[in-house]
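Residues per chain are reported as follows:
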Amino acid sequence: MSSLIRPLQIGAFTAPNNVWLAPMAGITDGPFRALCLRGGAGVVCAEMVSAHALHYENPRSLRMLSISERERPVSMQIFGSDEQTIAEAARAAQARGADTIDINAGCPVKKINRAGAGCVLMKDPAHLGRLVAAAVKAVQVPVTLKTRISLKRGKLLGDEIARIAESEGAAAVLMHARAAEDVHAGEPDLEALAKVCASVKIPILGNGGIDGAEKAEQFFQAGCAGLLIGRAAVGNPYIFRDIAQETAGEKVQPLDNRRRVEIYLALIEENIAHYGEKIGVGRSKKTAGYWLRGFPNAAEVRGKFVRMENLSDIKELFSSLIF
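### Focus on the overall build of the protein
Logical step 1: When you go through the protein residue by residue, the secondary structure sums to 15 helices and 11 strands.
Logical step 2: For the protein, whose C-alpha radius of gyration is 19 Å, the value lies close to the compact-globule estimate of 20 Å for 323 residues.
Logical step 3: By principal-axis analysis of the C-alpha atoms, the protein measures approximately 55 × 50 × 35 Å.
Logical step 4: Scored against the burial criterion, the 323 residues of the protein give a buried share of 57%.
Logical step 5: Considering only contacts in the protein between residues 6 or more positions apart, those separated by 24 or more positions represent 67%.
Logical step 6: Accessible surface, the protein: about 14,000 Å² in total, of which carbon and sulfur atoms supply 50%.

Pasting the structure below:
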């Protein structure tokens, strides 16, 4: 392990290392979390769950809290705008084995924002602080906050929000280094991120466009105690191991196309075992573009894949890519 990649203390919890899988809706479910842990992630963050839906015991939302031992250590992310339901959701996540609990205050999706959750919480830092405090008081595991450096480009809010989160008992802040208006576009603002890191004593984990060791080192230089890898892990779940090796000066052996297809096919099979064939295949199609990127005739293969409904046809299609 390099001097940059090391165990990370988050409150009373110690993560095996400081390069984590970021939460991604519709992607970071149980099978993918387990895969990324095998790929070297220190912690895997689950896709966000609605506190409001959990309050009403929505079956799908309750299932999303399910955690197996092979998916740990895991951070369970919740979202909402009400102190009571946030506290309830935090307790539910803790009861199901979450190692840490994260509150989402950075999602720019309109549906989430209309419910008063996600990045709109940044408009009222005091209210956001009360949500953090409610979760902290409700559970014994560490509570973190996932947010962004700003709502609008050039108008830094992240430092104020980080200070409030710290004062209300958050054990760490997971900071996306892009404005909410930019969603996932453009370069991360590392200068603004550095100001956030300097504003608090709790760890800041940086997020946003980290796709390899070079970018990882830039985030560490900005003052981050750890990193969150999101879309770059889809299609390469071993990026966590790769970053650790490369920052330690070791040579990285990238996944070749054959190995990538083998891993993807194994993930599809795990999805089917987890959800059943129809839903498992459907969920697998969402990330096909990441896994098949760079293949000859990738668009044609993806077009065929998204029309398939059963595993045997998928295996036959993918065998044509690697043999």
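### Focus: the nonpolar core
In a soluble, globular protein the nonpolar side chains are often hidden away together inside.
Logical step 1: One finds F32, L193, I204, F240 and F318 to be the most contacted residues of the largest nonpolar core, which totals 95 residues.
Logical step 2: Within the second largest apolar cluster, 13 residues are counted, among which are A15, V43, C45 and A171.

### Quick word on the side chain of D242
Logical step 1: Assignment of secondary structure puts D242 in helix α10 (residues 239-247).
Logical step 2: Among the residues examined, D242 registers a relative accessible area of 10% and is labelled buried.
Logical step 3: A polar atom in the side chain of D242 sits 3.0 Å from the side chain of R241.

### Thoughts on the packing of aromatic side chains
Two aromatic rings are characterised by how far apart their centres lie and by the angle between their planes.
Logical step 1: For the structure on display, the rule yields 4 aromatic pairs.
Logical step 2: Geometrically, the ring pair formed by F305 and F318 is tilted, given 5.4 Å between the ring centres and 55° between the ring planes. Taken as a pair, F305 in helix α14 (residues 298-305) and F318 in helix α15 (residues 311-322) lie far apart in primary sequence, 13 residues in all.
Logical step 3: Each member of the aromatic cluster is reached from another via a ring pair, and the members are Y264, W291, F305 and F318.

### Brief notes about the environment of I10
Logical step 1: With respect to the secondary-structure elements, I10 resides in strand β1 (residues 8-10).
Logical step 2: Linking I10 and V173, residues 163 residues apart in sequence, is a C-alpha distance of 9.9 Å.
Logical step 3: Dropping the residues within four chain positions of it, I10 is found in contact with W20, P142, T144, A171, A172, P203 and L205.

### Things to note about the pattern of salt bridges
Logical step 1: Tallied over the entire structure, the rule returns 19 salt bridges.
Logical step 2: Among the ionic contacts, a cluster of salt bridges with common partners joins K152, R153, E181 and D182.

### Looking at the environment of E270
Logical step 1: If you trace the backbone, E270 turns up in helix α11 (residues 257-275).
Logical step 2: Between the alpha carbons of E270 and V19 there is a distance of 24 Å; along the sequence they are 251 residues apart.

### A look at the state of the cysteines
Logical step 1: The final tally for this structure, using the stated rule, is 0 disulfides.
Logical step 2: Considering cysteine sulfurs only, C45 is the nearest to C36, which forms no disulfide, with 11 Å between them.
Logical step 3: The exposure class assigned to C36 is buried, which follows from its relative accessible area of 0%.
Logical step 4: With no disulfide of its own, C224 has C197 as its nearest cysteine by sulfur position, at a separation of 3.9 Å.
Logical step 5: Owing to a relative accessible area of 6%, C224 belongs among the buried residues under this scheme.

Reading the values: rules and limits
Residues numbered from 1 in each chain as written. Predicted model: local features only at pLDDT ≥ 70, side-chain atom pairs only at ≥ 80, totals over all residues. Heavy atoms only, no water. Helix = DSSP H or I, 4+ residues; strand = E, 2+ residues; numbered from the N terminus. Rg over C-alpha atoms; globule rule 2.2 N^0.38 Å. Buried < 20%, exposed > 50% of the residue type's maximum accessible area, 1.4 Å probe, protein only. Contact = heavy atoms within 4.5 Å. Areas by Shrake-Rupley, 256 points an atom, 1.4 Å probe, with all protein chains shown as cover. Core = buried A, V, L, I, M, F, W, Y, C linked by side-chain atoms within 4.5 Å. Polar contact = N/O pair within 3.5 Å; in protein donor to acceptor, adjacent residues only side chain to side chain. Phe/Tyr/Trp six-rings, centres within 6.5 Å; stacked < 30°, edge-to-face > 60°. Salt bridge = Lys/Arg side-chain N within 4 Å of Asp/Glu carboxyl O. Disulfide = S-S within 2.5 Å.

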